[in-house]
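# A look at the structure
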Amino acid sequence: MSQPSGLGSKRWAQRATAAPFGELAAVRATAGQWRNGLAGLTALLSAGSLLASPTLADHLGGGARLVVGALTILGLLTLLFATWRAMDAAFGLPGAGDYLTGERLQAWEHEQASRAVTALATARWAFLLGLLLIIAAAATAFWVPPVTGTLTRVKTVTGIFCGQLDSSGGHTVAIIGTDGTVHTIPVVQIRSFQQPANC
C-alpha cells in the first residue's frame with residue numbers, strides 16, 4: 001500500500017534531521033571494514049613473499065634480485081601504511097576537551113568524521129599504490145630471464161675466478177665472469193672449488 005506523499009516527505013525529513021547524529025559511527029564502520037580487508041590482504045601478501053623469496057632469489061641475478069626485493073618491500077610497507085590509516089579512521093583518537101554542551105560535542109564529532117574520511121581516502125590510495133608495487137615486483141620477476149648455471153669460485157695457481165660454471169671438458173673448466181668474460185682454466189691449475197652465494 002503506497003503512503004501519502006506528505007507522510008513520505010515527513011519521514012525523509014526526519015531521517016535527514018537524524019543523519020548528522022550517525023555520521024561518525026557510519027564513517028568508522030566503513031573504515032573498520034577497510035581495515036579488516038587491508039590487514040588480511042597485507043598478511044596474505046607478506047606470507048606469500050616470505051615463502052617465495054628464497055626460491056625467487058635463486059633464479060634472479062644480482063640487479064634483478066635487488067629491484068624485485070625493493071619493489072616487494074616498498075609494496076608491503078605501503079600496504080602496512082594503508083592498514084594503519086584505515087585503523088586510524090576506524091578508531092580515531094579520544095578528545096582531550098570536555099563535551100558538556102551540545103555544540104562542543106557536535107563540533108568534535110564532525111571534526112572526527114572529517115578526519116576519518118581523509119584517513120580512509122589516504123588508506124585507499126596507499127592500498128592501490130602498494131598493490132601496484134607488488135604487481136610490478138611480480139611482473140619484473142616474471143619478465144627477467146632466470147640465471148642459469150651455478151656460481152662457482154675457482155682458485156688456481158694464477159688467481160681466483162668467480163662466475164657461472166659454463167662447461168667442463170676433459171682437461172678444462174669454463175667460467176663466465178660477472179662481466180661476461182669467459183675464463184677457460186686447465187684442470188691441473190685448479191687448487192679449490194667453492195659455490196658462493198654471490199661473486
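Please refer to the structure placed before this passage.
This structure is a prediction, so every number in the text was calculated from the model and none was measured.

## A few points about the overall build of the protein chain
- The secondary structure content of the protein chain amounts to 4 helices and 5 strands.
- Secondary structure of the protein chain in N-to-C order comes out as α-α-α-α-β-β-β-β-β.
- Out of the 199 residues in the protein chain, the part that is buried amounts to 27%.
- Excluding contacts between residues fewer than 6 apart, the proportion of contacts in the protein chain whose partners are at least 24 apart in sequence is 63%.
- By element, 66% of the accessible surface of the protein chain is carried by carbon and sulfur atoms, the whole surface being about 13,100 Å².

## Focus: the nonpolar core
- In this structure, Leu-60, Ala-64, Val-68, Leu-71, Leu-133, Ala-137, Ala-141 and Val-144 together form the largest nonpolar core, which totals 8 residues.
- Mapped by element, the contributors of at least two residues to this core are α3 (62–91) and α4 (102–143).

## Observations regarding a nonpolar patch on the surface
- Nonpolar side chains collect at one region of the surface, where Trp-125, Leu-128, Leu-132 and Ile-135 lie side by side and expose about 450 Å² of accessible area between them.
- Secondary-structure assignment places Leu-132 in helix α4.

## Digging into the pattern of salt bridges
- Across all of its chains, the model carries 2 salt bridges by this definition.
- A salt bridge links Arg-85 to Asp-88; the shortest N-O distance between them is 2.9 Å. Of this pair, Arg-85 and Asp-88 both sit in helix α3, 3 residues apart, which is roughly one turn of the helix.
- Residue Asp-88 is classed as partly exposed on the basis of its relative accessible area, which comes to 27%.
- In this structure, Glu-111 and Arg-115 form a salt bridge, with 2.8 Å as the shortest nitrogen-oxygen distance.

The rules behind the values
- Residues numbered from 1 in each chain as written.
- Predicted model: local features only at pLDDT ≥ 70, side-chain atom pairs only at ≥ 80, totals over all residues.
- Heavy atoms only, no water.
- Helix = DSSP H or I, 4+ residues; strand = E, 2+ residues; numbered from the N terminus.
- Buried < 20%, exposed > 50% of the residue type's maximum accessible area, 1.4 Å probe, protein only.
- Contact = heavy atoms within 4.5 Å.
- Areas by Shrake-Rupley, 256 points an atom, 1.4 Å probe, with all protein chains shown as cover.
- Core = buried A, V, L, I, M, F, W, Y, C linked by side-chain atoms within 4.5 Å.
- Patch = residues over 30% accessible without salt bridge, like charges linked within 9 Å, V, L, I, M, F, W, Y side chains within 5 Å.
- Salt bridge = Lys/Arg side-chain N within 4 Å of Asp/Glu carboxyl O.

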